[in-house]
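# Descriptive analysis of the structure
This is what each chain is made of:
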Amino acid sequence: MKILIVNGSPKGDHSITLHTCLYIQKHFPRHDFEVLHAGQKSAALLKDLSPLTEKMKEADLILFSYPVYTFLVPSQLHVLIEKMKEEKLSFEGKYMTQVTTSKHFYDVTAHRFMEENCRDLGMICLPGLSADMEDLLSEKGRKQALEFFRNVCWRMRGKPDLPVKKGPFEIVIVTDLKKEDRELGEKISLLKDCLPGMRVRVENLRDFPFAGGCIGCMNCAPDGKCIYQDGFDTYLREKIQRADAIVYAFTVRDHSMGSLFKMYDDRQFCNGHRTVTAGSPMAYIVNGDLSREENLRLLLKARADMGGNFLAGIGTDEASVRDTASCLTYALKTDYQVPRTFYGVGGSRIFRDLIFQMQGFMKADHKFFKQHGLYDFPQKRKGTILGMYLAGALFSNDKLRKKAAPQIREGMIGSYRKVLKDF
Ligand SMILES: Cc1cc2nc3c(=O)[nH]c(=O)nc-3n(C[C@H](O)[C@H](O)[C@H](O)COP(=O)(O)O)c2cc1C
């Protein structure tokens, strides 16, 4: 397959993001990769777009590689997209995906911006990789980069069944299905049919004898025991969280999943802020017009991202329910995991700080955070802080700044180049 890496970073071959793509290139030698430094050559390309657009037309896959800049993409890439649209270019049926690095601050809006514009240009958008700028330096980050690209290839091959023999997996479908809700019932049945070889179980929240909604008494803070005697905490832990994957199935009500799901989510406070299902995939089956529900769509994604769960899909009609089933199967068989985005990274930092302060009271959470290394405070990175003091001292002297600037540039990319050599 011919892959064009459109490098949108103004830093050209000093781009950290590009190094993630080069790492992918190194590990997929069967594919033919080419890099075009579009961000750096933006001014020239604006006068004549053809060196970029000709290559885009020849490629089977266009891989946009760029840093997240201020909620979106760098202006150098932005203006090229603008120009392509002004010129009414079409890349009908061309596959695109994207790799970004950032600190996850509004990476979601940048990815969405690219998807929306590439769709306008006729492209088929495949989920991208939003990596932290340091991810390539860790084994986990490198694995995620390769798994991301393997997933892109699998999608482009038409999502074939994988031969991997693992499992059987247990999938729990949590729903608030009413008897008269025929459409939702049919979607649930279709999903089950599309998951052959899996142990699929349905938990209907309507059958659970909820004693009431969470009253915020904080009784559960030290040990996770809810004040209600209805057994919800045990039900949650044994019937739902133990499954290999959770699928939530509901009909859109009042721009939400409905009040019964709200009670279910609030009652999960007995689980505090412990992301006990992190690493396992999840999905939704939705009945109703989700395309009109901007807030609900955001909520569904944030709910998955906060839990550290790969969102395999949101099935709303026959095709997308089938697609959700194959992506869920793929995720289970390959243990597919993606980095968290702004929703999850931002949210978990809020909780990290909160639980640290409340450690004397929210004992179960504190224990979990300590055990799972979730107290990743920047204060702990003494080497980085010292390095920054040194760079700051050099940069505060004009003469030294001129001399040091190229070295800092080299120094910043040096460790990424080393990764490319060593791994
Ligand atoms: C102008 C500018 C804006 C940035 N805006 C964001 C941002 O909105 N969110 C974020 O997480 N990181 C932001 N960053 C950090 C970069 O995304 C990050 O350093 C990236 O890894 C650089 O990649 P590159 O070396 O490929 O250019 C910004 C950096 C610059 C210079």
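Provided above is the structure to which this section pertains.
Residues numbered from 1 in each chain as written. Predicted model: local features only at pLDDT ≥ 70, side-chain atom pairs only at ≥ 80, totals over all residues. Heavy atoms only, no water.

## Quick look at the site of the ligand
With respect to spatial proximity, 16 residues lie near the ligand, and among them Lys11, Ser15, Thr17, Val68 and Thr101 are the closest. Take Ile16: an N or O atom from its main chain is 2.8 Å from an oxygen atom of the ligand. Starting from 660 Å² of accessible surface for the ligand in isolation, the protein chains cover 75%. Mapped by element, the contributors of at least two residues to the shell around the ligand are α1 (16–27) and β4 (95–102). Class assignment for the residues of the shell around the ligand results in 7 nonpolar, 7 polar and 2 charged. (Near = heavy atom within 4 Å. Polar contact = N/O pair within 3.5 Å; in protein donor to acceptor, adjacent residues only side chain to side chain. Areas by Shrake-Rupley, 256 points an atom, 1.4 Å probe, with all protein chains shown as cover. Helix = DSSP H or I, 4+ residues; strand = E, 2+ residues; numbered from the N terminus. Nonpolar A, V, L, I, M, F, W, Y, C, P; charged D, E, K, R; others polar.)

## Some words on helix α11 (residues 318–334)
Across its 17 residues, α11 extends 24 Å between first and last C-alpha, which sits within 8% of the 24 Å expected from 1.5 Å per residue. Within α11, the full set of buried residues consists of Ser320, Val321, Thr324, Ala325, Cys327, Leu328, Thr329, Tyr330, Ala331, Leu332 and Lys333. On its buried face, α11 is in contact with α6 (139–156), β7 (170–175), α7 (182–193), β9 (245–251), β10 (282–287) and β11 (311–315). One or two steps after α11, the chain reaches Asp335, where phi turns positive at roughly 55°. (Expected span 1.5 Å × (residues − 1). Buried < 20%, exposed > 50% of the residue type's maximum accessible area, 1.4 Å probe, protein only. Contact = heavy atoms within 4.5 Å.)

## Some thoughts on helix α15 (residues 398–422)
In this model, α15 (25 residues) spans 36 Å end to end at C-alpha, consistent with the 36 Å of a helix rising 1.5 Å per residue. By the burial criterion, the buried members of α15 are Ala404, Ile413, Tyr416, Val419 and Leu420. Tucked into the core, α15 has its buried residues touching α1, α6 and α14 (382–395). The N-terminus of α15 is capped by Asn397, whose side-chain oxygen sits 2.9 Å from the backbone nitrogen of Lys399.

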